[in-house]
Amino acid sequence: MSEIINNRELVQEQKSRRQEILKEIIKELHSGKSVDYVKAQFEEAVGNITVAEISQLEQALMEEEGIPVSEVQRLCSVHTAIFKGSIEEIHTSDKPEDQPGHPVHTFKLENKEIDMLVNFKLQLHLEHFEKEDSEENIYKLIEDLNLLMDIDKHYTRKENLLFPYLEKYGILGPTQVMWGVDDGIRAAIKGAKEKLTSYDGDKKAVSAALYFVIKETSEMIFKEENILFPMALQTLTEDEWIKIAHDGSDIGYCLTNPAGVWKPERAEIKADAMAEGFIRLETGILSLQQMELMLNHLPVDITFIDQDDVVRYFSHGKERIFHRTKAVIGRTVQNCHPPKSVHVVEDLLHDFKAGVKDVEDFYIKFRDKYVYIRYFAVRDENGVYVGTLEFTQNIEPIQAIQGEKRILS
């Protein structure tokens, strides 16, 4: 056991040292060193980098080093030049981003259209304009920018649907930085269009504005597909992706539409013929309404998964600690947890099914609560495993109890 602890401490120490090296390299950019110089340092000292490290780096620059968000945003494009080609790819076993209708699949479809618009159509019309600034060529560029302004829907879905979930997991720096860069791109598109609609013959100014739009838009595609989306796929649960996919149509889509409706595979839940009747239990008879009201009035949260790890039931009292939606019913419990923590769930269920354990407890600080989480292996009269019961309670009020209370208040 001590050897395992020592190894963990060593790994953590190595991660911290690597993060410090990364911070020093980027701080050199901040102080004015050239991109080529810093890139050479990066390749020699670091080599490959993960999206998680980029996320931690940007957050640390703001929180620990006091570098303003606006300055990190300014450096963001330079970061991209340094990290490009060095980002370790994150592989997922089922690749949900390849499934039509999944939010990442839709984001990538839009990026293909955006890339085609800016790096083929807009680029080609800009070259024509630089040769001849005729009304026809100016009009074509204005048309391209009108189409590109649709990018606002792409960015708005990202900022208002995806970012809030990442921030829930404490990923704050990258979302703040990227949102600022998005706003810069929006402003650049608008500014370039204004230069064209009130063209005064300053061809160089128009060209510079358009090349900036092409460069920033292209780099944002790279950042999304190599940093943001892999990080989000590693972090969010399937249930959270379902909500993002469901709400996307309220904002709209950029230059294209989803390739389909994403419907993750679910176990079939068959309705009981006694749905409106009574249930006879060993120690009594209850109507379904009585049973549901009773369970929902318990001062705890209860969730039950069956022997196949499928979520079958959760109580929904007035003050649930961890939010649940009906979308989880029929899904495997593994898909209700962030990918990075699924191994903990798997280990626990393995021990329950193997009979190694019958109960496991956790206790954590969560917002203003001290939460006690208990898992119980549910077995039948022959000891056969039939599922797991999750029992969650805010025990802070209980811990505060002192003395005795023997009469009614």
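What counts, and where the lines are drawn
- Residues numbered from 1 in each chain as written.
- Predicted model: local features only at pLDDT ≥ 70, side-chain atom pairs only at ≥ 80, totals over all residues.
- Heavy atoms only, no water.
- Helix = DSSP H or I, 4+ residues; strand = E, 2+ residues; numbered from the N terminus.
- Buried < 20%, exposed > 50% of the residue type's maximum accessible area, 1.4 Å probe, protein only.
- Areas by Shrake-Rupley, 256 points an atom, 1.4 Å probe, with all protein chains shown as cover.
- Core = buried A, V, L, I, M, F, W, Y, C linked by side-chain atoms within 4.5 Å.
- Contact = heavy atoms within 4.5 Å.
- Phe/Tyr/Trp six-rings, centres within 6.5 Å; stacked < 30°, edge-to-face > 60°.
- Pairing = 2+ DSSP bridges.
- Axes fitted to C-alpha atoms, helices over the stretch in contact; angles between N-to-C directions.
- Polar contact = N/O pair within 3.5 Å; in protein donor to acceptor, adjacent residues only side chain to side chain.
- Patch = residues over 30% accessible without salt bridge, like charges linked within 9 Å, V, L, I, M, F, W, Y side chains within 5 Å.
- Salt bridge = Lys/Arg side-chain N within 4 Å of Asp/Glu carboxyl O.

When you go through the protein residue by residue, the secondary structure sums to 13 helices and 7 strands. Within the protein, the proportion of its 409 residues that are buried is 40%. When the accessible surface of the protein is totalled, it reaches about 23,500 Å², and 53% of it is carbon and sulfur.

Here we come to the nonpolar core. Leu 148, Leu 162, Leu 210 and Trp 241 are the most contacted members of the largest nonpolar core, which has 46 residues in total. Beyond its immediate sequence surroundings of up to four residues, Leu 162 is in contact with Arg 157, Leu 228, Phe 229, Ala 232, Leu 236, Trp 241 and Ile 244. Listed in part, the 15 residues of the second largest apolar core include Val 328, Val 333, Phe 352 and Val 371.

Let us now look at the packing of aromatic side chains. The description of an aromatic ring pair uses the distance of the two centres, along with the angle that the planes make with each other. Here the structure, examined in full by the defined rule, presents 5 aromatic pairs. When the ring of Phe 107 is compared with that of Phe 229, the centres are 5.3 Å apart and the planes differ by 20°; the resulting orientation is stacked. Here the residue Phe 107 occupies a position in helix α5 (residues 103-131), and Phe 229 occupies one in helix α9 (residues 203-235), the gap between them amounting to 122 residues. Relative accessible area serves as the criterion here: at 2%, Phe 107 is assigned to the buried category.

Take the sheet that holds strand β4 (residues 311-314) next. If you walk across this open sheet you meet the 5 strands as β4-β3-β7-β6-β5, and the pairing is antiparallel. Across the chains shown, the open sheet's two edge strands, defined by having one partner strand only, are β4 and β5 (359-366). Strand-to-strand, the axes of this sheet are offset by a mean angle of 15°, without reference to chain direction.

The next thing to look at is the side chain of Asn 137. Residue position: Asn 137 is located in helix α6 (residues 135-148). Exposure remark for Asn 137: the relative accessible area of 10% places this residue in the buried category. Here His 128 takes part through its backbone oxygen, which lies 3.4 Å from a polar atom of the side chain of Asn 137. Engagement of the side chain of Asn 137 in a polar contact is seen with the backbone oxygen of Glu 132, the distance being 2.8 Å.

Let us now look at a nonpolar patch on the surface. Residues Met 116, Phe 120 and Leu 124 make up a contiguous nonpolar surface patch of about 310 Å² in total accessible area. Structurally, the position occupied by Phe 120 is in helix α5.

To continue, consider unusual backbone geometry. Backbone geometry at Leu 255 places phi at a positive 65°, although glycine is not the residue there. Structurally, Leu 255 can be placed in the loop between α10 (238-251) and β1 (278-281). Here Leu 255 falls in the partly exposed class, since its relative accessible area comes to 29%. Located in the positive-phi region is Asp 309, a residue other than glycine, with phi close to 70°. Here Asp 309 lies in the loop between β3 (301-306) and β4.

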